[in-house]
Amino acid sequence: MQNYDAIVLGAGAAGLMCAAEAGKRGKRVAVLEKANAPGKKILISGGGRCNFTNIRTTAANYLSSNPHFAKSALSRYSPQDFIDLVNSYGIAWHEKALGQLFCDGSAKQIVQMLLDECAKAEDAGGKVDVLCDAHVSDVVEDDGEFAVMANGQAMRAGALVIATGGPSIPKMGATSFAYDLARQFGLKVVEPRPALVPLTLGGEELLFRELSGVAAPVKVRTGKKKAAQEFEEAALFTHRGLSGPAILQISSYWKHGEEIGITFLPEAHPDWLVELKQKNPRATLRSALREHLPARLADALAERLGIDRELGNVPDKALREASEKLADWRFCPNGTEGFAKAEVTIGGIATSELSSKTMESKNVPGLYAIGEAVDVTGWLGGYNFQWAWASGVAAGESL
């Protein structure tokens, strides 16, 4: 029987951050990871360069049943705090669009940095053991401590941290383990669903499959009134439907049965076709769209709008109607590509069960949940990593 101060289940972003923070406070921590190496989801993120945070992070960039829950942890561990850590290791990085930060080199640098941070526990009289290929078969609470059985070996600790994420990307080994364990201890779970995921199209909209591989900058929106949400980034047509950053973003807000509206020319004003007709009556809708959009997309939109004459021969009313359609082209997705293609999960361990300051269960002393396992889901672009760092630090400081 091995004894620790804390056992962290999962050696991903949140789990390693939590263990490092606790270790630097002199705690003895075991991190149990069922994969053969730590940080596997970190390694594939950002095309292998790890979009490790977003400098625009606020609580408004997260979805949760309690939109205020993330505020405490995010305010106490900011993107700048993580940037300072990255800089202290001499890891070069750059900013892409919309505040997204990536390594210049490899995501491997972030994983190694986290492992090095865990190793610093020894300087503080603590210890962090990162144990891979650790298959947990049993977890019980016994006399105020948690007993964990992994690979036939037993270990005990006064604290247990659930950091095994959600079921997105099952090919990376993701499961619903975190939710099953939470329910075992009586914690409520908000029904999980795929997020940051491509949308699928059916019926007549399958005609757009011919555009597979074509991308264009768009605005996309869904929802009504206070629930309305809009993003302006690139959309990508796929053989199954729609993807790309704008679609992944809106997928987190889209609900089955709802439409999404796409603006194909975000910069165009309502009368642009009428004005073009006045300037160049011999222009066609197809040629006008090709000035702003990929040729295949321009041709498909012109064909569906049914305007194949020179603009000079088209009534202004018809041109305005075409402009309106292009500014709010309606699609009705019939689903998503599911957890297999989802980058993250919406839902998870209910925030009502946890302290927003420490991430500890309100009803089971010593039990914590962090990262994607919790019902806090960020936008695309580094926000979910920032939640992992912030929630990991919050729990690590409390252990």
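Since this is a predicted model, take the numbers as computed values, not measurements.

Calculation criteria
Residues numbered from 1 in each chain as written. Predicted model: local features only at pLDDT ≥ 70, side-chain atom pairs only at ≥ 80, totals over all residues. Heavy atoms only, no water. Salt bridge = Lys/Arg side-chain N within 4 Å of Asp/Glu carboxyl O. Buried < 20%, exposed > 50% of the residue type's maximum accessible area, 1.4 Å probe, protein only. 1 Å grid on protein atoms, 1.4 Å probe; cavity = no way out; pocket = protein on both sides within 12 Å on 5 of 7 lines; lining within 4 Å. Points joined across faces, edges and corners; volume = space filled by probe spheres on them. Nonpolar A, V, L, I, M, F, W, Y, C, P; charged D, E, K, R; others polar. Pairing = 2+ DSSP bridges. Helix = DSSP H or I, 4+ residues; strand = E, 2+ residues; numbered from the N terminus. Contact = heavy atoms within 4.5 Å. Axes fitted to C-alpha atoms, helices over the stretch in contact; angles between N-to-C directions. Core = buried A, V, L, I, M, F, W, Y, C linked by side-chain atoms within 4.5 Å.

**Describing the pattern of salt bridges**
Okay, so step 1: With the rule as written, the count across this model stands at 23 salt bridges.
Okay, so step 2: Residue Lys120 pairs with Glu117 through a salt bridge whose shortest N-O separation is 2.8 Å.
Okay, so step 3: A residue is classified by how much of its surface remains accessible, and Lys120, at 35% relative accessible area, is partly exposed.
Okay, so step 4: Residue classification places Glu117 among the buried residues on the basis of a relative accessible area of 4%.
Okay, so step 5: Among the ionic contacts, a cluster of salt bridges with common partners joins Arg221, Glu230, Glu259, Asp328 and Arg330.

**A short note on the layout of surface pockets**
Using a probe with the size of a water molecule, rolled over the atoms, empty space left in the structure can be pinpointed.
Okay, so step 1: If you add up the space inside the second largest pocket, you get close to 200 Å³.
Okay, so step 2: In terms of lining residues, the second largest pocket is bounded by Leu63, Arg193, Gly223, Lys224, Lys226, Ala227, Ala228, Gln229, Ser252, Tyr253, Lys255 and Glu258.
Okay, so step 3: Partitioned by chemical class, the residues of the lining of the second largest pocket number 4 nonpolar, 3 polar and 5 charged.

**Topic: the sheet that holds strand β17 (residues 329-331)**
Okay, so step 1: Reading across from one edge, β17-β16-β13-β14-β15-β12-β18 is the order of the 7 strands in this open sheet, with antiparallel pairing throughout. The sheet is open, and its two borders are formed by β17 and β18 (335-336), each paired with just one other strand.
Okay, so step 2: The strands touched by helix α11 (residues 316-327) are β13 (215-222), β16 (260-263) and β17; relative to β16, the strand with the most contacts, the crossing angle is about 115°.

**Examining the nonpolar core**
Okay, so step 1: Core analysis: the biggest nonpolar cluster contains 134 residues, and Phe82, Ile110, Leu160, Phe264, Leu289 and Phe331 have the highest contact counts within it.
Okay, so step 2: Counting residues per element, this core draws most heavily on helix α12 (residues 383-398), at 9 residues.

**Here's the deal with the pairing of strand β1 (residues 2-9)**
Okay, so step 1: Here β1 pairs with strand β10 (residues 153-162) via 7 bridges, running parallel. The residue of β10 that forms the bridge with Ala6 is Ala159.
Okay, so step 2: In the sheet, β1 pairs with strand β2 (residues 28-32) via 4 bridges, with the strands oriented parallel. By the bridge assignment for β2, Leu9 is matched with Leu32.

Functional significance is not addressed by these values, which are geometric in nature.
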